[in-house]
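Single-letter residue listing:
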Amino acid sequence: MSVHHNQLTRFMFDDKPVRGLHIGLDSVWQHILAHKSYPAAIRSALGELTAAAVLLAANLKFDGSLTLQVQGRGVLKMLVAEATAAGTCRATARWDEQAVVDEDTGLAELLGEGGMFVLTLQTDNGEPWQGVVPLEGGSVAEMLMGYMARSEQLDTHISLAADAHTAAGLLLQRLPEEAIEADAWQETVALADTVQAAELTDVDAHTLLYRLFHQTPPRVFEPQSIEFACTCSRGKVSDMLLLLGGEEVGSAVAEQGSIEINCDFCHQRYVFDEMEINALFGADVVSPFVSGSPNGLQ
Ligand SMILES: [Zn+2]
């Protein structure tokens with residue numbers, strides 16, 4: 001079932017200062033899911049976070065990326081979803097893969113005590129900006145709305161849903177520069193709130209918007225395509241190995257013959273053999289650890 005075609009759709013109401021965005025990821029979402037077998041509860045939360053990242057990145061006023069990260073100490077250790085202003089996204093999760101996760105387990109229970117939510121904004125050529133707050137709310141949407149209510153002046157309403165095929169979301173935002181009667185905003189939110197998870201995942205943007213707001217349907221703009229893209233590279237992996245240091249990397253290569261790093265987002269394999277590692281560090285960091293040498297490690 002592919003009704004969305006990975007499209008991001010902007011809309012605006014002519015009769016009130018409210019704008020909105022709809023995202024429906026299908027093949028992009030399926031691509032993200034392809035390499036790991038996510039328990040359904042974790043898959044849902046990750047899909048919701050991915051849809052949310054795309055919605056929020058669409059409002060960025062600079063060239064760069066927005067990353068939403070949820071950290072926990074329960075079965076679920078981390079969800080991370082990143083989206084760029086240029087229309088790409090990637091996402092991954094870490095969890096206790098030995099654990100049996102019930103399909104109905106809520107986000108709060110998955111994360112356990114002391115969960116944190118981290119939002120990072122990164123311009124293409126500048127320092128990152130990061131906001132960190134304790135996790136509140138029973139769903140990704142509640143968590144985000146709580147965060148935005150604390151940190152932003154703009155009223156924002158978000159609905160999210162995800163299953164094995166689709167990750168989708170709807171965002172409403174009150175325009176800052178214009179006055180709106182509180183009732184008109186509340187009414188629009190109340191209409192958006194009637195959306196069912198299955199409608200978000202299974203109904204195309206136009207039909208959904210008409211269904212929700214049929215008395216005063218919004219103006220709908222040309223959609224933008226969202227693509228999967230990973231920003232990993234051999235150069236970035238090299239930088240990471242340099243940070244780990246010659247001792248740790250050299251001993252690993254001496255033991256295994258090479259070192260292999262897999263990207264968590266796109267599952268690209270990066271393999272470095274002894275020669276490449278020595279070239280990277282500009283010194284022979286492997287030999288001291290080869291078995292039989294004076295301080296050799298097994
Ligand atoms: Zn990658």
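Details of the structure are given in the entry above.
In what follows, the accompanying structure is described. Given the structure is predicted, the values throughout are model-derived calculations rather than measurements. (Residues numbered from 1 in each chain as written. Predicted model: local features only at pLDDT ≥ 70, side-chain atom pairs only at ≥ 80, totals over all residues. Heavy atoms only, no water.)

## Quick notes on helix α7 (residues 205-212)
Piece 1. Restricting attention to buried positions, one finds in α7 the residues A205, L208, L209 and L212. For α7, the arc enclosing every buried residue in end-on projection is 95°, short of the 170-degree limit, so these residues lie on one face. (Buried < 20%, exposed > 50% of the residue type's maximum accessible area, 1.4 Å probe, protein only. Helix = DSSP H or I, 4+ residues; strand = E, 2+ residues; numbered from the N terminus. Arc of directions from axis to C-beta.)

## A closer look at the coordination of the zinc ion
Piece 1. Bound to the zinc ion on the protein side are C230 (SG), C232 (SG), C263 (SG) and C266 (SG), at distances that span 2.2 to 2.3 Å.
Piece 2. In terms of primary sequence, the donors binding the zinc ion are separated according to C-x1-C-x30-C-x2-C. Note that C232 is positioned in the loop between β12 (227-228) and α8 (234-244) and C263 in the loop between β13 (258-262) and β14 (269-273), a separation of 31 residues in sequence.
Piece 3. Classification of C263 by relative accessible area gives buried; the value is 11%. (Donors = N, O, S within 2.8 Å, 3.2 Å for Na, K, Ca; no water.)

## Examining the packing of α8 against helix α10 (residues 274-281)
Piece 1. The contact between α8 and α10 brings their axes to 11 Å, and the two run at 70°. Of the possible angle classes, the one that applies to α8 and α10 is roughly perpendicular. Contacts between α8 and α10 involve R234, S238, L241 and L242 from the first element and E276, I277, L280 and F281 from the second.
Piece 2. Residues of the contact of α8 with α10, tallied by class, amount to 5 nonpolar, 1 polar and 2 charged. (Axes fitted to C-alpha atoms, helices over the stretch in contact; angles between N-to-C directions. Parallel < 35°, antiparallel > 145°, perpendicular 65-115°, else oblique. Contact = heavy atoms within 4.5 Å. Nonpolar A, V, L, I, M, F, W, Y, C, P; charged D, E, K, R; others polar.)

## A word on the state of the cysteines
Piece 1. Within this structure, the stated rule accounts for 0 disulfides.
Piece 2. The thiol sulfur of C89 is not disulfide-bonded, and the nearest other cysteine sulfur, from C230, lies at 11 Å.
Piece 3. You can call C89 buried: its relative accessible area is 1%. (Disulfide = S-S within 2.5 Å.)

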